[in-house]
Amino acid sequence: MTAVVTGLGVLAPNGVGLEAYWAATLRGESGIDRLTRFDPEPYPSRLAGEITGFDPAALLPNRLLPQTDPVTRLSLVAAEWALADADLDPAELSEYDIGVVTANTAGGFEFGQRELQNLWSKGGAHVSAYQSFAWFYAVNTGQISIRHGMRGPSGVVVADGAGGLDAIAQARRLIRKGTPVVVSGAVDGSLCPWSWTAQLTSGTLSTREDPAAAYLPFDDRACGHVVGEGGAILVLEDAGAARSRGARIHGRLTGYGTSFDGHTAPERGADRGAGLGRAARQALDQAGWRPADVDVVFADAAGTPAADRAEASALADLFGPHGVPVTAPKTMTGRLAAGSGPLDVATALLALRDQVIPPTANVRRPAAGYALDLVTAPRRQPLQRALVLARGHGGFNSAVAVEAPAA
C-alpha cells in the first residue's frame, strides 16, 4: 500500500492557515520578533517565532479551553483544518479506521508551569485536575482522537526535532498494515519562562536582538537558532482508498530513513554528518531514488557552525558539491521542535504543487566552504521529488522522501 497526503493543516509564526503561510513564505516574510508571551528582558535570548492572530475561543468549544495547553489548542485546530482540506468527515468512517500519531517535545509545558506556580504559591487545592494529562507528551494525540472519535491505531513519538518526521513515518507504517487513514505530524513549541530556561541550557539559542540577523544557517555569521511554535498536521491515506473517494492528493510519501548518533550534545561540535547521511540514504533507497532524482532538499538547518558543517558535509557526500538545491524556510518561523519536520513536509508538497522552491530568508552570504546550492530567493524550476531532513537534540536524525502525485 502507498501512503498519500490528502490533507494539510498549518499554523506558523508567519502565517495561520495553509495558503496564508505559503504566501508569506514565498514573500520571504518572517514571523520572528521579540517575545511577547512573557518578559524576555532577564534572559540572554529574547526573540521567538510566535503565532499571532489565533483565537482558540473562536475555533474550539469552551469546555476544551481550561483543560488544554496552548500547543494542544493549536494541534486541535490544525487537525480540524487538515481534515477539512482532505474533505474527510471522520463520522462517515468506522471509528477504528482512523488513527492518530503525533510528535511532541515538551508536552504542555506552559500549562504545567502555571499549575506548578499554583502549587507552590497557593497549595495543592488550587492545582487543576486537568494537570494530570494536559502536560503529557501524548495529550495532542489523545485530544485529537477524542474530539473526532478516532479509535484506530495511535501513538506519540518523542525525538525532539526529528520526531515530527518519525511520526509521519509511523503513520505510513500503519497505513501499509491496513489502517485506511491516519492523522499525523506535529504542532509544537513551548514559550514560557520554565521552558525558556531549559532551552537556554543547550547553548545553541541565538542571542542577537535583530530578527533579520538572529538565525542564519549555513552563513558565515551563524550564531545559533531562534525558537518558535507551530507546525503542521497531515492526513495520510492509502492511495487506493483516497482515489476511490475522489480525494485530491497533495503528494506521495515514498521513503523514510532514521539513525541515531548517540552524542549527548551534538549541536555543540560533534560531527553529525555521518548519521544524517545514513538517514538520507535510507530514505532514498526506500523510495527507489538515485541522488540525481532529488530536485530539492529541505535542510534541518541548525544554525550553529558545527551542526551546519556536518549537514553540509552529508549533503555534499550524497549529492556532490552544489549538487542539489537546498533550502531552509524555517528561517522565517524559527525552529519549532517536533513541528518543524511536518511543516517542512507540508512546504515541500506546496513547492511541488506550484513548482517553486521557497527561500532561506535573511541569508545573503552562504558560507563558501559548505559547497551548498543554498536557495536564498524563490526559485522556479521543475520539481517532482523532495527530501526533508530533521535532527533532534541527543543524536536523532530522520529523513522523509515525498513526490508529486503525478510523478
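As a reminder, the structure under discussion sits directly above these lines.
Residues numbered from 1 in each chain as written. Predicted model: local features only at pLDDT ≥ 70, side-chain atom pairs only at ≥ 80, totals over all residues. Heavy atoms only, no water.

*Asks:* Is there a simple way to explain the pattern of salt bridges in this structure?
*Replies:* Pairing between side chains of opposite charge can happen when the charged atoms of each approach one another. Considering all chains together, one arrives at 24 salt bridges under this definition. Here glutamate 80 ties to arginine 147 by a salt bridge, and the two come within 2.9 Å at their closest N and O atoms. Placement of glutamate 80 in helix H3 (residues 70-85) and of arginine 147 in helix H6 (residues 139-148) is noted, with a sequence separation of 67 residues between them. Given the relative accessible area of 28%, arginine 147 is considered partly exposed. Between glutamate 403 and arginine 252 there is a salt bridge, with the nearest N and O atoms lying 2.3 Å from each other. With glutamate 403 in strand S17 (residues 396-403) and arginine 252 in strand S10 (residues 251-260), this pair connects stretches of sequence that are 151 residues apart. Classification of arginine 252 as partly exposed rests on a relative accessible area of 24%. A single network of salt bridges, built from pairs that share partners, joins Arg34, Glu41, Arg46 and Glu209. (Salt bridge = Lys/Arg side-chain N within 4 Å of Asp/Glu carboxyl O. Helix = DSSP H or I, 4+ residues; strand = E, 2+ residues; numbered from the N terminus. Buried < 20%, exposed > 50% of the residue type's maximum accessible area, 1.4 Å probe, protein only.)

*Asks:* Before we go on, may I ask you to explain the packing of aromatic side chains in this structure?
*Replies:* Aromatic ring pairs: the centre-centre distance and the angle between the two ring planes describe each pair. For the structure on display, the rule yields 9 aromatic pairs. Taking the centre distance of 5.2 Å and the plane angle of 50° together, the rings of phenylalanine 260 and phenylalanine 396 count as tilted. Residue phenylalanine 260 is found in strand S10, and its partner phenylalanine 396 is found in strand S17; the two are separated by 136 residues along the sequence. In this structure phenylalanine 260 comes out as partly exposed when scored by relative accessible area, which is 49%. Judged by its relative accessible area of 29%, phenylalanine 396 is partly exposed. Ring-pair connections join several aromatic residues into one group, and the members of that group are Phe38, Tyr43 and Trp196. The aromatic ring of phenylalanine 111 is capped on one face by arginine 114, whose charged end is 4.4 Å from the ring centroid. (Phe/Tyr/Trp six-rings, centres within 6.5 Å; stacked < 30°, edge-to-face > 60°. Lys NZ or Arg CZ within 6 Å of the ring centre and 35° of its normal.)

*Asks:* For this particular structure, what's the right way to read the layout of surface pockets?
*Replies:* Using a probe with the size of a water molecule, rolled over the atoms, empty space left in the structure can be pinpointed. Size it by volume and the largest pocket reaches roughly 700 Å³. In terms of lining residues, the largest pocket is bounded by 36 residues, among which Thr105, Asp160, Gln199, His225 and His393 are the most central. Elements that contribute at least two residues to the lining of the largest pocket include exactly helix H8 (193-200), strand S8 (227-228), helix H12 (340-354) and strand S16 (385-392). Examining the composition of the lining of the largest pocket, we find that 4 residues originate from one element, S16, more than from any other. When the residues that make up the lining of the largest pocket are grouped by side-chain class, the tally is 11 nonpolar, 16 polar and 9 charged. Taken as a whole, the second largest pocket holds about 200 Å³ of empty space. Around the second largest pocket, the lining residues are Thr36, Arg37, Glu50, Ile51, Thr52, Phe54, Pro56, Pro70, Arg73, Leu74, Glu110 and Glu229. Among the elements that line the lining of the second largest pocket, the one with the most residues is H3, at 3 residues. The residue makeup of the lining of the second largest pocket, split by class, is 5 nonpolar, 2 polar and 5 charged. (1 Å grid on protein atoms, 1.4 Å probe; cavity = no way out; pocket = protein on both sides within 12 Å on 5 of 7 lines; lining within 4 Å. Points joined across faces, edges and corners; volume = space filled by probe spheres on them. Nonpolar A, V, L, I, M, F, W, Y, C, P; charged D, E, K, R; others polar.)

*Asks:* Sorry, what's going on with the sheet that holds S8 here?
*Replies:* Strand pairing in a sheet relies on backbone hydrogen bonds, with the paired strands running either antiparallel or parallel. Taken in spatial order, the 3 strands line up as S3-S4-S8 in an open sheet, and their pairing is mixed. Two strands lie at the open edges of the sheet, namely strand S3 (32-34) and S8, each paired on one side alone. Summarising the sheet, S3 and strand S4 (residues 47-49) pair through 3 bridges and their orientation is antiparallel. Looking across to S4, one finds that arginine 34 is bridged to leucine 47. (Pairing = 2+ DSSP bridges.)

*Asks:* How do you make sense of helix H10 (residues 273-287) when you look at a structure like this?
*Replies:* An α-helix turns once every 3.6 residues. As a result, residues three or four positions apart point the same way. Helix length check: H10 (15 residues) gives 21 Å between terminal C-alpha atoms against 21 Å at 1.5 Å per residue, within 8%. Restricting attention to buried positions, one finds in H10 the residues Gly273, Gly275, Leu276, Gly277, Ala279, Ala280, Ala283 and Leu284. In this structure, the buried side of H10 is in contact with S10, helix H11 (305-319), S16 and S17. Downstream of H10 by one or two residues, glycine 288 has phi in the positive range, about 75°. (Expected span 1.5 Å × (residues − 1). Contact = heavy atoms within 4.5 Å.)

*Asks:* Whenever I open this one, the pairing of strand S1 (residues 3-12) confuses me. Can you help?
*Replies:* Each regular strand carries side chains that alternate between the two faces of the sheet. Summarising burial for S1: 10 of the 10 residues are buried, a large majority. In terms of strand pairing, S1 meets S10 through 3 bridges, oriented antiparallel. Considered in S10, the bridge of valine 4 is made with arginine 252. Pairing of S1 with strand S9 (residues 230-238) involves 8 bridges; the strand directions are antiparallel.

*Asks:* Whenever I open this one, the pairing of S10 confuses me. Can you help?
*Replies:* In terms of burial, S10 is a largely internal element, 7 of the 10 residues being buried. Pairing analysis gives 8 bridges linking S10 to S17, with the strands arranged antiparallel. Its bridge partner lying in S17, glycine 255 is registered against alanine 401.

*Asks:* Looking at this structure, I do not really get the packing of H10 against H11. What am I missing?
*Replies:* Axis angle and axis distance: for two packed helices, these are the angle between their axes and the distance between the axes, and together they describe the pair. Contact geometry for H10 and H11: axes closest at 8 Å, N-to-C directions at 40°. Classified by the angle between their axes, H10 and H11 sit oblique to one another. As H10 packs across H11, the resulting crossing turns out to be right-handed. In contact with Gly273, Leu276, Gly277, Ala280, Arg281 and Leu284 of H10, H11 contributes Ala310, Glu311, Ala314, Asp317 and Leu318. (Axes fitted to C-alpha atoms, helices over the stretch in contact; angles between N-to-C directions. Parallel < 35°, antiparallel > 145°, perpendicular 65-115°, else oblique. Left-handed = near helix turned anticlockwise from the far one by under 90°.)

*Asks:* Help me understand the environment of arginine 151, please; the structure alone is not making it clear to me.
*Replies:* Tracing the backbone through its elements, the reader meets arginine 151 in the loop between H6 and strand S6 (155-157). Separated by 162 residues in the primary sequence, arginine 151 and serine 313 have C-alpha atoms spaced 43 Å apart. Sequence-distant contacts of arginine 151, that is, excluding residues within four places in its chain, are made with Glu95, Tyr96 and Ile98.

By themselves, these observations are geometric and do not establish any function.
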